[in-house]
Amino acid sequence: MTSPKPHTGRVIVVGTDGTPRGDAALRWALDVGAHAGDVVRAILVRPRDSLLPGTSFAIQPHGRVPEAGYSLDDHIAGLGVDTAASVETRTVHGDPATELVTASADADLLVLGTHRGGAVSDLVLGSVGRECVRFSRCPVVVITPEAARHLISA
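Keep in mind that this is a model prediction, so the values were computed, not measured.

Helices and strands together make up the secondary structure of the protein, namely six helices and five strands. For the protein, the sequential pattern of α-helices and β-strands runs β-α-β-α-β-α-β-α-α-β-α. With 154 residues in all, the protein has 38% of them scored as buried.

Of all the residues in helix 3 (residues 96-104), the buried ones are Pro96, Ala97, Leu100, Val101, Ala103 and Ser104. Seen end-on, helix 3 carries its buried residues on one side only, within an arc spanning 160°. Looking at the buried residues of helix 3, the elements they touch are strand 1 (11-16), strand 2 (39-46), strand 4 (109-113) and helix 5 (127-135).

Taken in spatial order, the five strands of this open sheet run 3-2-1-4-5, and their pairing is parallel. With one partner strand each, in any of the chains shown, strand 3 (86-93) and strand 5 (140-143) form the two edges of the open sheet. Pairs of neighbouring strands in the sheet enclose a mean axial angle of 20°, with direction left out of account. Here strand 2 pairs with strand 3 via eight bridges, running parallel. Directly across from isoleucine 43, in strand 3, lies its bridge partner arginine 90. On the sheet, helix 1 (residues 20-33) packs against strand 1, strand 2, strand 3, strand 4 and strand 5 and is oriented at approximately 160° with respect to strand 1.

Here is what the cut-offs are and how they apply
Residues numbered from 1 in each chain as written. Predicted model: local features only at pLDDT ≥ 70, side-chain atom pairs only at ≥ 80, totals over all residues. Heavy atoms only, no water. Helix = DSSP H or I, 4+ residues; strand = E, 2+ residues; numbered from the N terminus. Buried < 20%, exposed > 50% of the residue type's maximum accessible area, 1.4 Å probe, protein only. Arc of directions from axis to C-beta. Contact = heavy atoms within 4.5 Å. Pairing = 2+ DSSP bridges. Axes fitted to C-alpha atoms, helices over the stretch in contact; angles between N-to-C directions.

Here's what the structure looks like:
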């Protein structure tokens, strides 16, 4: 029995959903966070229908759910970020916070984008972000819209 080839770089897991905040997290991970030899693992979590699946009453509480035919690989290529890291993509079904925390067990870093606006949002990270920061098995980087704009203008 042969053992798998040892991984020489870090594994950076990025939670993404096709929104500007997800794109900000991807851009940061690909451009700033990752280096040659690292693996950036972009994970799109498609939430399960919470109520009356297949009807207009289905609840999708976490962000935008990309339409059928959406390709995470094409989306990442469309960002135009040149990176020395290798990129893996995964689409999973489940609760976004649970899936990202589970993925963090095999990662060196978890990267998330977050929204911001209004007095309440300034105080609350968001349910997915809060759960990931609380239960992640690795360090977590949270990219706010302000941070994303700063990185793009630099």
